[in-house]
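Residues per chain are reported as follows:
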There are 2 protein chains.
Amino acid sequence: MKFSCEKSAFLDAISIASRAVSTKSTIAILEGLRLTATDTLTLSGYDLSMGIRTQVDADVLEPGEIVLSAKLLGDIVRKLPNDVVYVETDDKLLTTIKCGRSVFNLVASASDDFPAMPEVDAACEIPMHEKVLKSMINQTVFAVSDNQAKPIHTGCLFELTDGKLTVVAVDGFRLSIRREMLENAPAEDMKFVVPGTALREIERILHEDGDSVATVCPGEKHILFALGKTTLVCRLIDGEFLNYNAAIPASFEYTVTADTRELITCLERVSLLVSEKLKNPVRITFDGSVMKMTCITAVGKSYDECAINGSVDPLEIGFNSRYLLDALRACSDDTIQLSIKGALNPIVITPTEGEKYTYLVLPVRLKADA
Amino acid sequence: MKFSCEKSAFLDAISIASRAVSTKSTIAILEGLRLTATDTLTLSGYDLSMGIRTQVDADVLEPGEIVLSAKLLGDIVRKLPNDVVYVETDDKLLTTIKCGRSVFNLVASASDDFPAMPEVDAACEIPMHEKVLKSMINQTVFAVSDNQAKPIHTGCLFELTDGKLTVVAVDGFRLSIRREMLENAPAEDMKFVVPGTALREIERILHEDGDSVATVCPGEKHILFALGKTTLVCRLIDGEFLNYNAAIPASFEYTVTADTRELITCLERVSLLVSEKLKNPVRITFDGSVMKMTCITAVGKSYDECAINGSVDPLEIGFNSRYLLDALRACSDDTIQLSIKGALNPIVITPTEGEKYTYLVLPVRLKADA
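Residues numbered from 1 in each chain as written. Chains lettered and ligands numbered in written order. Predicted model: local features only at pLDDT ≥ 70, side-chain atom pairs only at ≥ 80, totals over all residues. Heavy atoms only, no water.

## Here's the deal with the relation of the copies chain A and chain B
Part 1: Its rotation angle being 180°, the transformation that places chain A on chain B also includes 0.0 Å of axial translation and leaves an RMSD of 0.0 Å. Those values place the two copies in the arrangement expected of a two-fold rotation axis. Proximity to the rotation axis, assessed at the C-alpha, singles out lysine 24 of chain A in chain A; its C-alpha lies 15 Å from the axis.
Part 2: A shared interface surface links the copies, since 100% of the contact residues of chain A are contact residues in chain B too. (Least-squares fit on C-alpha atoms with pLDDT ≥ 70 in both. Contact = heavy atoms within 4.5 Å.)

Encoded structure:
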């Protein structure tokens with residue numbers, strides 16, 4: 001194998017493919033990146049649950065395939081000067097990396113032992129802007145469950161109905177929903193659940209700006225995300241996802257709006273007394289046009305208040321502040337709407353207009369005496 | 001106790017005094033900051049080896065003294081709005097912190113149990129610019145030994161001779177020396193050894209810019225650093241410091257100069273194959289006007305080269321690259337001078353002019369066969 005390519009392009013590709021490389025595996029080859037030189041250069045990482053393939057513009061003089069330690073290759077290329085990198089492997093797999101006056105000699109592994117990534121039998125393709133997919137993942141994935149006892153909720157539900165894509169995550173304490181009308185969506189309706197771990201990596205690879213398009217290709221057991229020069233493959237999760245529509249109260253007693261930033265700041269402050277050891281709820285008292293928040297732990301007591309637009313009859317609800325904060329931080333608007341039913345009903349956070357996102361947080365039962 | 005002060009000034013003082021607070025102590029009060037309100041407000045942290053006192057401009061309405069958890073107080077004040085903070089403690093030590101609409105109630109500890117900081121019987125005062133003291137610490141302290149078996153070398157030697165201050169650190173593998181002529185230095189000569197841990201904190205507190213002056217006040221057993229509104233006290237280390245002048249070769253075979261940045265980059269690259277597990281030396285071959293560097297570990301082989309001004313007959317020296325890199329990174333000049341005697345003698349790094357700093361790194365014996 002023999003090729004040359006620009007250092008920066010090589011490094012970018014190494015960084016992307018390394019996201020699917022095991023960092024601590026008992027199988028040494030899974031800590032490696034596969035370099036495949038044909039007419040172009042492809043880097044692959046695969047930790048047996050998620051695989052990433054990415055292409056690099058390279059000048060291939062001799063095709064071939066080897067596996068090199070992802071960490072070592074990344075460390076080396078990162079430190080090379082900004083110049084053309086020459087890589088050459090002899091028939092004993094002794095690999096030479098040259099750039100400027102720097103020379104590295106490493107022993108590569110044979111690619112025979114590198115596990116094959118699953119082929120995806122994609123029945124259809126869902127094209128969408130990268131930035132839209134990125135925000136849909138970012139605004140839901142935080143609510144994915146980490147409870148492996150119920151695997152179906154360790155992923156996000158993707159539901160396509162009449163050209164509208166809905167992404168949903170739920171963990172038993174809160175629910176996050178993100179909706180978007182897609183252009184050029186396939187005609188048939190469908191739904192599938194993608195592991196949260198893979199979605200977090202996809203979110204990192206996706207571009208925030210520009211008009212580049214990603215294609216989501218769900219198969220029967222696996223799914224493929226085509227993100228420009230990069231392809232990510234992972235399994236789908238089998239099972240019955242929560243009937244999330246039934247979880248949202250049909251009607252509310254009060255609907256008010258609040259400044260997102262101010263609400264976050266106040267909640268962060270009163271939550272300062274909450275820690276891993278002292279997980280007391282934050283007590284929110286709606287009183288007219290003010291939201292009063294208190295938290296009492298063994299350390300002391302905190303109090304803050306936030307103005308709301310609208311009025312609520314005195315009503316006290318307890319919350320795990322982390323869940324409320326996660327939802328509020330995911331809101332992309334300066335002002336949000338809070339829909340409240342009662343002290344034992346979930347609170348629902350939505351934009352003041354439209355239905356781009358819906359966050360639902362379950363209340364915590366408060367002790368009467370506090 | 002009752003006082004008010006600006007949030008930002010309060011937070012700065014908390015951050016500074018917290019540097020001397022134990023983060024993990026079995027004695028709870030050592031994790032606290034002492035707040036002393038007299039006509040002014042003083043915050044103190046003391047972990048029994050180092051103490052920091054710092055003053056805050058405050059409006060004291062009622063004098064008093066309490067101890068509050070440093071971490072909690074810092075977390076709270078950091079999150080408060082940029083406004084005046086009101087602190088009030090009742091006779092049961094229930095402390096109220098108010099700012100804007102935020103209120104925190106905490107139970108403070110009595111200050112009686114807070115350990116008293118040692119009084120320093122300073123015989124003299126050494127005034128110097130903060131930025132000079134900062135650079136003198138920064139350019140030597142990295143070579144301080146972490147071997148507690150020889151306590152004297154876990155500190156930096158401060159040696160004042162004829163108005164010239166020399167700061168020295170040594171750990172058995174390398175030696176760092178930094179010299180500076182002081183204005184207004186006391187007439188008498190003196191020397192003392194300050195713990196490296198305290199110096200690292202002092203370095204962080206010292207300002208890099210401006211003309212503010214720090215005063216170093218060595219006593220018999222303790223030393224006091226007066227840094228503007230902040231005072232740091234720590235013990236001095238007793239013992240016989242290395243006769244460092246005798247460690248520097250009196251003459252050299254070769255004296256060459258090199259570009260500091262390029263030398264660092266080359267060394268960093270060849271050292272990429274060195275890890276915690278594979279601590280092989282870097283082999284440096286001086287050959288005419290080129291410094292060739294190689295490193296061979298179980299992972300592979302690396303090679304790089306760096307141009308030097310001057311010429312050296314072929315000579316091979318082995319080094320622990322970390323020690324060389326630490327010294328080179330501490331050099332404040334674009335070009336440095338390397339003085340070489342032989343394969344078994346230390347290499348000496350100095351500025352091309354003057355004697356502001358001297359770094360000495362011992363060689364590592366190389367296996368003949370490699």
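## Regarding the environment of lysine 131 of chain B
All names here are of chain B.
Part 1: The topology assignment puts lysine 131 in helix α3 (residues 130-138).
Part 2: By relative accessible area, lysine 131 is classed as partly exposed at 35%.
Part 3: Among the polar contacts listed, one links the side chain of lysine 131 to the backbone oxygen of glycine 210, at a separation of 3.4 Å. (Helix = DSSP H or I, 4+ residues; strand = E, 2+ residues; numbered from the N terminus. Buried < 20%, exposed > 50% of the residue type's maximum accessible area, 1.4 Å probe, protein only. Polar contact = N/O pair within 3.5 Å; in protein donor to acceptor, adjacent residues only side chain to side chain.)

## A word on the UniProt feature "domain: DNA polymerase III beta sliding clamp C-terminal" (unreviewed entry) in chain A
Part 1: In the UniProt entry, the feature "domain: DNA polymerase III beta sliding clamp C-terminal" (unreviewed entry) is given for residues 247-365 of chain A.
Part 2: The straight-line gap between the two end C-alpha atoms of residues 247-365 of chain A is 18 Å; of that span, 18% is helix and 49% is strand. (UniProt positions renumbered as here; feature names shortened; annotations may be inferred.)

## So, the packing of aromatic side chains
Residues and elements named next belong to chain B.
Part 1: Enumeration over the complete set of coordinates arrives at ten aromatic pairs over all chains.
Part 2: Seen in terms of ring centroids, phenylalanine 142 and tyrosine 359 are 5.7 Å apart; in terms of plane orientation they differ by 55°. Their pairing is tilted. Residue phenylalanine 142 is found in the loop between α3 and β12 (155-161), and its partner tyrosine 359 is found in strand β24 (residues 357-361); the two are separated by 217 residues along the sequence. (Phe/Tyr/Trp six-rings, centres within 6.5 Å; stacked < 30°, edge-to-face > 60°.)

## Quick word on the pairing of strand β14 (residues 174-181) of chain B
All names here are of chain B.
Part 1: In terms of residue burial, β14 counts as a mostly covered element, since six of its eight residues are buried.
Part 2: Once strand β13 (residues 164-170) ends, the chain turns through three residues before running back antiparallel as β14, passing glycine 172 with a positive phi of about 95°.
Part 3: Pairing geometry for β14 and β24, over five bridges, is antiparallel. Directly across from arginine 178, in β24, lies its bridge partner tyrosine 357. (Pairing = 2+ DSSP bridges.)

## Some details on the sheet that holds strand β16 (residues 213-218) of chain B
Residues and elements named next belong to chain B.
Part 1: In space, the nine strands of this open sheet follow the order β10-β6-β2-β3-β4-β18-β17-β16-β11, with antiparallel pairing throughout. The outermost strands of the open sheet, each flanked by one partner alone, are β10 (109-110) and β11 (126-129).
Part 2: Where strand β2 (residues 32-37) lies against strand β6 (residues 64-69), six bridges are found, and the strand directions are antiparallel. Across the sheet, the residue bridging to glycine 32 is serine 69, located in β6.
Part 3: Relative to β6, helix α2 (residues 70-79) is tilted by about 90°, and along the sheet it contacts β2 and β6.
Part 4: Across the sheet, helix α4 (residues 196-205) touches β4 (50-56), β17 (222-227) and β18 (230-235), and the angle it forms with β18 is around 170°. (Axes fitted to C-alpha atoms, helices over the stretch in contact; angles between N-to-C directions.)

## Details of the interface of chain A and chain B
Part 1: Taken together, the 26 residues of chain A in the interface contact 26 residues of chain B.
Part 2: Counting across the interface, chain A meets chain B through four salt bridges.
Part 3: In this assembly, chain A and chain B are joined by 14 residue pairs in polar contact (both at pLDDT 80 or more).
Part 4: At the level of elements, α2 (70-79), β9 (102-107), α6 (260-270) and β21 (300-319) of chain A are the ones that each hand at least two residues to the side of chain A that touches chain B.
Part 5: For the side of chain A that touches chain B, a count of residues per class yields 13 nonpolar, four polar and nine charged. (Salt bridge = Lys/Arg side-chain N within 4 Å of Asp/Glu carboxyl O. Nonpolar A, V, L, I, M, F, W, Y, C, P; charged D, E, K, R; others polar.)

## Let's talk about α4 of chain B
Part 1: Counting buried positions over the ten residues of α4 of chain B gives seven, a clear majority of the element.
Part 2: By the burial criterion, the buried members of α4 of chain B are Gly196, Ala198, Leu199, Glu201, Ile202, Glu203 and Ile205 of chain B.

## What about the packing of α3 of chain B against α4 of chain B?
Residues and elements named next belong to chain B.
Part 1: Relative orientation of the contacting elements α3 and α4 amounts to 140°, with a least axis distance of 9 Å. Relative to α4, α3 is oriented oblique. Remark: the crossing between α3 and α4 carries left-handed chirality. Residues Lys134, Ile137 and Asn138 of α3 pack against Leu199, Ile202, Glu203 and Arg204 of α4. (Parallel < 35°, antiparallel > 145°, perpendicular 65-115°, else oblique. Left-handed = near helix turned anticlockwise from the far one by under 90°.)

## What about the UniProt feature "domain: DNA polymerase III beta sliding clamp central" (unreviewed entry) in chain A?
Part 1: Within the UniProt annotation, "domain: DNA polymerase III beta sliding clamp central" (unreviewed entry) is assigned to residues 129-241 of chain A.
Part 2: Taken as a whole, residues 129-241 of chain A contains 17% helix and 42% strand, while its terminal C-alpha atoms sit 26 Å from one another.

## Some remarks on the sheet that holds strand β18 (residues 230-235) of chain A
The strands making up a sheet are joined through hydrogen bonds of the backbone, oriented either antiparallel or parallel.
Residues and elements named next belong to chain A.
Part 1: The strand order across the open sheet built from nine strands is β10-β6-β2-β3-β4-β18-β17-β16-β11, with neighbouring strands paired in antiparallel fashion. Of all strands in the sheet, those bounded by a partner on one side alone are β10 (109-110) and β11 (126-129).
Part 2: Pairing geometry for strand β2 (residues 32-37) and strand β3 (residues 41-46), over four bridges, is antiparallel. Among the inter-strand pairings, leucine 35 is bridged to a residue of β3, identified as leucine 43.
Part 3: Packing of α2 onto the sheet brings it into contact with β2 and β6 (64-69), and relative to β6 it is tilted by some 90°.
Part 4: The strands that helix α4 (residues 196-205) touches are β4 (50-56), β17 (222-227) and β18; relative to β18, the one it contacts most, it runs at about 170°.

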